[in-house]
Amino acid sequence: MRAEMVTLTNMCMIYDDNGNVLVQDKVDDNWGGLTFPGGHIEKGESFVDSVIREVYEETGLTVSNLRICGTKDWEREDGSRYLVVLYKTNQFNGILKSSEEGKVKWMSLEDMKNGNLAEGMLDVLKVFLEDDVNEFHYTKEKGEWKCVLK
């Protein structure tokens with residue numbers, strides 16, 4: 001079967017020229033900790049428009065010149081797929097503000113890596129930062145989740 005049910009989402013790494021990234025300390029019982037802003041792609045919405053909207057809603061910043069870095073995905077318990085399209089940019093303007101999703105702040109990439117990361121974020125960072133890594137894919141083997149980077 002070629003068609004499948006998919007939940008489409010996005011995430012955006014916003015960085016500056018000094019080695020800092022904009023992190024969100026996500027408040028979520030299922031997936032909390034340091035991550036990047038992003039969210040759901042609404043039905044009929046373009047992928048780029050969705051990441052611009054989500055970043056603005058969660059940070060107060062308007063981003064542009066977005067570049068797709070890769071994807072993160074896994075199969076959910078109901079058989080549907082959850083797909084996160086990963087973007088990055090250093091083009092932004094506006095006044096930084098936090099949202100109910102979590103507090104946002106600038107921090108060095110190294111401090112972020114050593115911080116309280118959301119589950120899997122260390123591997124997600126490889127997709128954002130390493131040119132030869134395009135995909136973060138979870139598979140389930142013998143009841144355990146396994147991360148595959150490609």
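Use the structure listed above.
Residues numbered from 1 in each chain as written. Predicted model: local features only at pLDDT ≥ 70, side-chain atom pairs only at ≥ 80, totals over all residues. Heavy atoms only, no water.

Draft legend 1. Fine view of the sheet that holds strand β11 (residues 144-149). Here we have six strands laid out as an open sheet, ordered β4-β1-β7-β6-β10-β11, and mixed in their pairing. If you trace the sheet from one side to the other, it starts and ends with β4 (38-40) and β11, each paired once. Averaged over all pairs of adjacent strands, the angle between their axes in this sheet comes to 20°, without regard to strand direction. Across eight bridges, strand β6 (residues 67-75) lies against strand β7 (residues 81-89) in antiparallel orientation. In the sheet register, E75 faces β7, and the bridge partner there is R81. Along the sheet face, helix α1 (residues 47-59) touches β1 (6-14), β4 and β7 and points at about 60° away from the line of β1. (Pairing = 2+ DSSP bridges. Helix = DSSP H or I, 4+ residues; strand = E, 2+ residues; numbered from the N terminus. Axes fitted to C-alpha atoms, helices over the stretch in contact; angles between N-to-C directions. Contact = heavy atoms within 4.5 Å.)

Draft legend 2. Structural view of the pattern of salt bridges. Applying the stated criterion across every chain, the model contains eleven salt bridges. In this structure, E57 engages R53 in a salt bridge whose closest nitrogen and oxygen atoms are separated by 3.4 Å. A residue pair is termed a helical-turn pair when its members lie 3 or 4 positions apart in one helix, as E57 and R53 do in helix α1 at four residues. For E57, a relative accessible area of 43% corresponds to the partly exposed category. Under the relative-accessibility criterion, R53 is labelled partly exposed at 22%. A salt bridge links K126 to D123, with the shortest nitrogen-to-oxygen separation between them at 3.3 Å. (Salt bridge = Lys/Arg side-chain N within 4 Å of Asp/Glu carboxyl O. Buried < 20%, exposed > 50% of the residue type's maximum accessible area, 1.4 Å probe, protein only.)

Draft legend 3. Structural view of the packing of aromatic side chains. Counting across every chain of the model gives six aromatic pairs. Seen in terms of ring centroids, F92 and W106 are 5.3 Å apart; in terms of plane orientation they differ by 40°. Their pairing is tilted. Here W106 lies in strand β9 (residues 102-108) and F92 lies in strand β8 (residues 91-94), a separation of 14 residues in the sequence. In this structure F92 comes out as partly exposed when scored by relative accessible area, which is 32%. Joined through ring pairs, the aromatic side chains of W74, Y82, F136, Y138 and W145 make up one cluster. The ring of F136 carries the charged tip of K72 above its face, separated from the ring centre by 5.2 Å. Its guanidinium or amino end placed over the ring of Y56, K97 lies 5.8 Å from that ring's centre, counting from NZ or CZ. (Phe/Tyr/Trp six-rings, centres within 6.5 Å; stacked < 30°, edge-to-face > 60°. Lys NZ or Arg CZ within 6 Å of the ring centre and 35° of its normal.)

Draft legend 4. Expanded view of the sheet that holds strand β3 (residues 33-35). The strand order across the open sheet formed by three strands is β3-β2-β9, and the pairing between neighbours is antiparallel. Two strands in the sheet have a free side with no partner beyond their single neighbour: β3 and β9. Adjacent strand axes in the sheet meet at a mean angle of 35° when their direction is disregarded. Inspection of the sheet shows strand β2 (residues 20-26) paired to β9 by seven bridges, in the antiparallel sense. Its bridge partner lying in β9, K26 is registered against G102.

Draft legend 5. Structural view of the environment of K72. Tracing the backbone through its elements, the reader meets K72 in strand β6. The exposure class of K72 is buried, given its relative accessible area of 5%. As for K72 and E119, which are separated by 47 residues in sequence, their C-alpha atoms are 13 Å apart. Beyond its immediate stretch of four places on either side in the chain, K72 contacts W31, Y82, L83, V84, L86, E119, V124, F136 and Y138.

In short, shape yes, function no, at least from these values alone.
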